[in-house]
Amino acid sequence: MSAASSQLWLPDSDLAAEEAAFAQRIRAFAHEKLAPHARAIDEQRLFRREMVTDLGKAGILGGPLPASIGGGNWTPMQLAIAHEELGAVCGNARGFCAVQTGLVTQCLHRFGNPQQQQRWLPGLMSGATIGCFALTEPEAGSDAASLRLRAERRGDRFVLHGQKHWITNGGVADVAIVYATIDPALLKQGITAFLVETNRPGLRREPMPGIELGHRGSDHAALTFDGVEVESSAILGEIGSGFTVAMGGLHAGRLSVAAGAVGIHRAALAATVEFTTQRQQFGKPLASFQMVQERLADMLTSLVQNRGLVHRCARRRQAGTETTADLAMAKLAATEAAAVACDQALQLHGARGYSSAHVPERLLRDIQALRIYEGSSLIQKTMLARALTGSAK
Ligand SMILES: Cc1cc2nc3c(=O)[nH]c(=O)nc-3n(C[C@H](O)[C@H](O)[C@H](O)COP(=O)(O)OP(=O)(O)OC[C@H]3O[C@@H](n4cnc5c(N)ncnc54)[C@H](O)[C@@H]3O)c2cc1C
């Protein structure tokens, strides 16, 4: 897919002039710094440290944070725009930002004390430091409140025992937000967030077994805590507030995941328009056949629909009226629609779509994780049903 074609299907018309200019800036960055590596890091399963430095230098890692602490003061619309642009070009870069900024930095900014913020935020925003968000455990996925990683109090210290897995950046992070329970009998009220330096004795980090379907240029690790000691000053928020910290991060992060899905959808459509207008069969371009046109029309219609849902969330977040249901709907609809669009893109590329030499197969692999993490599609549906009926039980 050429740079020109991936810009073709950005209906910027619903953006204010300064938002459109912002989109152009992030798009130019993505095409200059990310696009040249996007295919290679996927094929080589390579986490590129330079990508982090570039994202930091471009002000993207600190984007949503206030200017008073060196951030970019982005509005929620700018956040959505940035993640759409990154998602359209490199799912690994977008996924990295979703964790580093969307989860780690924003949780630190929201719940950290001044000492914690001074210590970690500058490096996380510049890219000198990498963070990870360690919530999921082998026996606690969608049901995160059932986590078992134990934090035993010993004087003014805590000792951590247990396991996390599927932690993005887990193998390369300098600092981890680790969710642990001080007493499983307390259920959610026992969950506490700790800021843990990853070089602490007793912390073992291993790559996830197997080969991931997508996000192959990202780092996913299993973390084993075997008596890792942390001071009580490492608590992020309060003892027992960890579930609120985690859900606060995930709630905020869903906007960027939904926007990233719109970016993937857009890239799938752009590649398909380019391909079907050039490829000739039966003496004509593929795009001149009505059944192909129908698919292109469906892909465009659902792209614009889902982009609208994402922008609606962003505007509501700006106005302070965003609800859990708004985000659940946007994440659910945008990720599911993008998966359909990627599948169509692959089919319309024929055998070429089946190869990493063309972009649809990477998009189709990458989109799958967005339907799983930060609350799977079925979990978004349970949240929507609960909002509708009030019955969570
Ligand atoms: C690429 C990638 C990156 C990730 N990065 C991180 C990270 O950085 N940090 C982190 O903590 N975790 C991370 N995760 C883990 C992710 O958050 C979990 O995989 C996710 O929460 C789902 O948990 P699970 O895999 O254990 O599936 P399960 O919870 O076992 O669910 C399996 C299936 O059952 C369905 N299901 C579960 N409960 C219900 C229910 N009540 N009703 C209906 N259906 C249900 C789910 O929708 C799913 O389809 C990552 C995962 C991936 C794939």
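As the structure is a computational prediction, the values presented were derived from the model and not from experiment.

### Structural notes on unusual backbone geometry
Reasoning step 1: With a phi close to 50 degrees, His 215 is a non-glycine residue in the positive phi region.
Reasoning step 2: Mapped onto the fold, His 215 is located in the loop between strand 6 (203-207) and strand 7 (220-231).
Reasoning step 3: By relative accessible area, which is 5% here, His 215 ends up buried.
Reasoning step 4: With a phi angle near 55 degrees, Glu 374 is a residue other than glycine that sits in the positive phi range.
Reasoning step 5: Its location among the elements puts Glu 374 in the loop between helix 10 (360-370) and helix 11 (377-389).
Reasoning step 6: Judged by its relative accessible area of 9%, Glu 374 is buried.

### Brief notes about the pattern of salt bridges
Reasoning step 1: Under the defined criterion, the tally for this structure stands at 23 salt bridges.
Reasoning step 2: With a closest N to O distance of 3.9 Å, Lys 33 and Glu 32 form a salt bridge.
Reasoning step 3: The class for Lys 33 is partly exposed, based on a relative accessible area of 31%.
Reasoning step 4: In this structure, Arg 365 and Glu 361 form a salt bridge, with 2.9 Å as the shortest nitrogen-oxygen distance. Within this pair, Arg 365 and its partner Glu 361 are both found in helix 10, separated by 4 residues, close to a single helical turn.
Reasoning step 5: One network of salt bridges, with partners in common, ties together Arg 119, Arg 157, Glu 197, Arg 200, Glu 229 and Glu 231.

### As for helix 10
Note that an α-helix has 3.6 residues per turn; residues three or four places apart therefore point the same way.
Reasoning step 1: In terms of burial, helix 10 is largely enclosed, as 10 of its 11 residues are buried.
Reasoning step 2: Buried-residue contacts for helix 10 involve helix 2 (17-44), helix 4 (76-89), helix 5 (91-111), helix 7 (242-278) and helix 9 (324-348).

### Topic: the packing of helix 7 against helix 8 (residues 290-319)
Relative orientation and spacing of two packed helices are given, respectively, by the angle between their axes and the distance between those axes.
Reasoning step 1: Contact geometry for helix 7 and helix 8: axes closest at 10 Å, N-to-C directions at 155 degrees. Taken as axis vectors, helix 7 and helix 8 run roughly antiparallel relative to one another. Of the two elements, helix 7 crosses helix 8, and the hand of that crossing is left-handed.
Reasoning step 2: Partitioned by chemical class, the residues of the contact of helix 7 with helix 8 number 16 nonpolar, 6 polar and 3 charged.

### Thoughts on the domain arrangement of the protein
Interfaces are often sized by the accessible area lost when the parts come together.
Reasoning step 1: Per the domain assignment, the segments of the protein are domain 1 (3-130), domain 2 (132-240) and domain 3 (244-389).
Reasoning step 2: Look at where the C-alpha atoms of domain 1 and domain 2 centre, and you get two points 25 Å apart.
Reasoning step 3: With 24 residues of domain 1 at the contact, the number on the domain 2 side is 25 residues.
Reasoning step 4: Roughly 2,000 Å² of surface becomes buried between domain 1 and domain 2 when both sides are summed, with 60% attributable to carbon and sulfur atoms.
Reasoning step 5: Linking domain 1 to domain 2 there are 2 salt bridges.

### Notes on the layout of surface pockets
Reasoning step 1: Approximately 1,400 Å³ is the volume attributed to the largest pocket.
Reasoning step 2: Lining of the largest pocket is provided by 46 residues; of these, Leu 250, Ile 372, Tyr 373, Glu 374 and Gly 375 occupy positions nearest its centre.
Reasoning step 3: Looking at the lining of the largest pocket, the elements with two or more residues in it are helix 5, strand 3 (157-168), helix 7, helix 9, helix 10 and helix 11.
Reasoning step 4: Per-element tally for the lining of the largest pocket: the top contributor is helix 11, with 6 residues.

### Thoughts on helix 2
Reasoning step 1: Taking 1.5 Å per residue, 28 residues should reach 40 Å; helix 2 reaches 39 Å between its end C-alpha atoms and fits that length.
Reasoning step 2: Of all the bends found along helix 2, the most pronounced is centred on Leu 34 and spans about 55 degrees, while Pro 36, a proline, follows it within four residues.

### Concerning the side chain of Thr 168
Reasoning step 1: Its location among the elements puts Thr 168 in strand 3.
Reasoning step 2: Once residues within four sequence positions are removed from consideration, Thr 168 is found in contact with Val 99, Cys 132, Asp 219 and His 220.

### Re the site of the ligand
Reasoning step 1: The environment of the ligand is made up of 16 residues, and the closest members are Thr 136, Ser 142, Trp 166, Thr 168 and Ser 376.
Reasoning step 2: Within the backbone of Phe 133, an N or O atom sits 2.8 Å from a nitrogen atom of the ligand.
Reasoning step 3: Between a nitrogen atom of the ligand and a side-chain N or O atom of Thr 168, the distance comes to 2.8 Å.
Reasoning step 4: Protein chains shield 63% of the accessible area of the ligand, which is 960 Å² for the free molecule.
Reasoning step 5: When contributions to the shell around the ligand are tallied by element, the ones reaching two or more residues are strand 3 and helix 11.

### Details of the nonpolar core
If you look at soluble globular proteins, the nonpolar side chains tend to sit buried side by side.
Reasoning step 1: Formed by 86 residues in total, the largest nonpolar core has its most connected members in Leu 34, Leu 55, Leu 160, Phe 194 and Val 310.
Reasoning step 2: With 12 residues, the top contributor of residues to this core is helix 7.

### Overview of the environment of Ile 239
Reasoning step 1: Here Ile 239 shows up in the loop between strand 8 (235-236) and helix 7.
Reasoning step 2: A sequence separation of 45 residues divides Ile 239 from Phe 194, and the C-alpha atoms of the two residues are 9.4 Å apart.
Reasoning step 3: The residues contacting Ile 239, other than those within four sequence positions of it, are Arg 153, Phe 158, Ile 182 and Thr 192.

The rules behind each value
Residues numbered from 1 in each chain as written. Predicted model: local features only at pLDDT ≥ 70, side-chain atom pairs only at ≥ 80, totals over all residues. Heavy atoms only, no water. Helix = DSSP H or I, 4+ residues; strand = E, 2+ residues; numbered from the N terminus. Buried < 20%, exposed > 50% of the residue type's maximum accessible area, 1.4 Å probe, protein only. Salt bridge = Lys/Arg side-chain N within 4 Å of Asp/Glu carboxyl O. Contact = heavy atoms within 4.5 Å. Axes fitted to C-alpha atoms, helices over the stretch in contact; angles between N-to-C directions. Parallel < 35°, antiparallel > 145°, perpendicular 65-115°, else oblique. Left-handed = near helix turned anticlockwise from the far one by under 90°. Nonpolar A, V, L, I, M, F, W, Y, C, P; charged D, E, K, R; others polar. Domains from an automatic or database assignment. Buried area = accessible area lost by both parts, 1.4 Å probe. 1 Å grid on protein atoms, 1.4 Å probe; cavity = no way out; pocket = protein on both sides within 12 Å on 5 of 7 lines; lining within 4 Å. Points joined across faces, edges and corners; volume = space filled by probe spheres on them. Expected span 1.5 Å × (residues − 1). Bend = angle between axes of the 7 residues up to and from the residue. Near = heavy atom within 4 Å. Polar contact = N/O pair within 3.5 Å; in protein donor to acceptor, adjacent residues only side chain to side chain. Areas by Shrake-Rupley, 256 points an atom, 1.4 Å probe, with all protein chains shown as cover. Core = buried A, V, L, I, M, F, W, Y, C linked by side-chain atoms within 4.5 Å.

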